Amino acid sequence: MIDKSRSRPIKFVIAVILFAYLSYFISDGAIGIDLLDAGVTSIVTIQTNGFFTGLFTVISWLASPGRDIMWMIILAFLLYGFKYKIQAFWSLVLLAGGNILGFIFKHLVARSRPIGHSASDTGYSYPSGHVLGTFLIVAVIVIFIVPELENYRLADAIQAVSVIWLILVMISRVYLSAHYPTDTVGAVLLGWWWLEVMEWLYVLYARKLLQWRLFYRSYL
């Protein structure tokens, strides 16, 4: 389901460079980053009312790191049940590794959260754990589930809804003052290069895993 790709190394390098530059400028306190964050935040929060606050609070709650684990476990369970056993295992490792990387970079950059954030939003701000987890879940849906749907309209709809959901999660974290806009962009970039690594590992080891009893008769 994940094939060899000559462009994968290029995409990996681009994602790493962009993430490294963004992380450096944020940790260095670059004025340009602050101005960018302030400008985007003002656009996102230009219309504040009870409806949007409630909507984005629900979206943020559904996309919390703890619930992202639950959603990924459900996806992995379904994949395993339909004999996509290696893909199920791969999905769990993808999220686990992403969460570990997110934790590491949060403490390396050590960016404080925006003023006015909720007391429930603890820890450092960059990168956004909500967005990182959501990005990886969307990746699993797009890579493994969408291509297997026979109804093309349904497949396109699920893919579109997944991408829109990711965007809404990014907006919700900024709207609720839980993150700066660049925190959400950094999470996507981190998820992107980690996804490229995991796709490379899938191509390298998926067939070898078929020898394990746990993955017996798994589809590739």
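Just so it is clear, the model here is predicted, and its values are computed rather than measured.

### A closer look at the UniProt feature "domain: Phosphatidic acid phosphatase type 2/haloperoxidase" (unreviewed entry) in the chain
Here the UniProt-annotated "domain: Phosphatidic acid phosphatase type 2/haloperoxidase" (unreviewed entry) positions come out as residues 84-199. Between the end C-alpha atoms of residues 84-199 the distance is 15 Å, and the span holds 73% helix and 0% strand.

### Re the UniProt feature "transmembrane region" (unreviewed entry) in the chain
What UniProt calls "transmembrane region" (unreviewed entry) maps, in this numbering, to residues 12-31, 51-82, 89-109, 129-146, 158-178 and 184-205. Split by type, residues 12-31 is 85% helix and 0% strand. Its first and last C-alpha atoms lie 28 Å apart. Annotation note: span residues 89-109, helix share 100%, strand share 0%, distance between end C-alpha atoms 30 Å.

### What about the environment of Arg-207?
Along the polypeptide, Arg-207 turns up in helix 8 (residues 181-209). On the accessibility criterion, Arg-207 (63% relative accessible area) is exposed. As a C-alpha pair, Arg-207 and Val-58 span 149 residues in sequence and 41 Å in three-dimensional space.

### Looking at the side chain of Ser-60
Tracing the sequence through the fold places Ser-60 in helix 3 (residues 50-62). Only 2.4 Å separates the side chain of Ser-60 from the side chain of Arg-173, close enough to count as a polar contact. Setting aside residues no more than four positions away along its own chain, Ser-60 makes contact with His-130, Ser-172, Arg-173 and Leu-176.

### A few points about unusual backbone geometry
In the segment running from Tyr-126 into Pro-127, the intervening peptide bond is cis, with an omega of -10°. Tracing the chain through its elements places Pro-127 in the loop between helix 5 (85-109) and helix 6 (129-145). If you check the backbone angles, Ser-177 has positive phi at about 60° while not being a glycine. Tracing the backbone through its elements, the reader meets Ser-177 in the loop between helix 7 (152-175) and helix 8. The class for Ser-177 is partly exposed, based on a relative accessible area of 24%.

### Looking at the environment of Pro-65
By the secondary structure assignment, Pro-65 is in helix 4 (residues 65-81). In the structure, Pro-65 is positioned 30 residues away from Leu-95 in sequence and 9.9 Å away in space, judged by C-alpha atoms. In contact with Pro-65, not counting residues within four places along its chain, are Gly-129 and His-130.

### Notes on the nonpolar core
In this structure, Trp-90, Leu-94, Leu-136, Val-140 and Phe-144 are the most contacted members of the largest nonpolar core, which totals 53 residues. If sequence neighbours within four positions are ignored, Val-140 has contacts with Met-72, Leu-75, Leu-79, Trp-90, Ser-91, Leu-94 and Ile-145.

### Observations concerning helix 8
The end-to-end C-alpha distance of helix 8 is 40 Å, a good match for the 42 Å that 29 residues give at a rise of 1.5 Å each. Residue Val-203 marks the point of greatest curvature in helix 8, where the axis turns by about 40°.

### Thoughts on helix 3
For helix 3, which comprises 13 residues, the first-to-last C-alpha distance of 18 Å matches the rise-based estimate of 18 Å (1.5 Å per residue) to within 8%. Along helix 3, the residues classified as buried are Phe-56, Ile-59 and Ser-60. Around the axis of helix 3, the buried residues are gathered within 100° of arc, so they sit on the same side. What points out from helix 3, more than 90 degrees from its buried face, is the exposed set Gly-50 and Phe-51. In the core, the buried residues of helix 3 are packed alongside helix 6 and helix 7. N-capping of helix 3 is provided by Asn-49, with a side-chain oxygen placed 3.0 Å from the backbone N of Phe-51.

Conventions and cut-offs
Residues numbered from 1 in each chain as written. Predicted model: local features only at pLDDT ≥ 70, side-chain atom pairs only at ≥ 80, totals over all residues. Heavy atoms only, no water. UniProt positions renumbered as here; feature names shortened; annotations may be inferred. Helix = DSSP H or I, 4+ residues; strand = E, 2+ residues; numbered from the N terminus. Buried < 20%, exposed > 50% of the residue type's maximum accessible area, 1.4 Å probe, protein only. Polar contact = N/O pair within 3.5 Å; in protein donor to acceptor, adjacent residues only side chain to side chain. Contact = heavy atoms within 4.5 Å. Core = buried A, V, L, I, M, F, W, Y, C linked by side-chain atoms within 4.5 Å. Expected span 1.5 Å × (residues − 1). Bend = angle between axes of the 7 residues up to and from the residue. Arc of directions from axis to C-beta.

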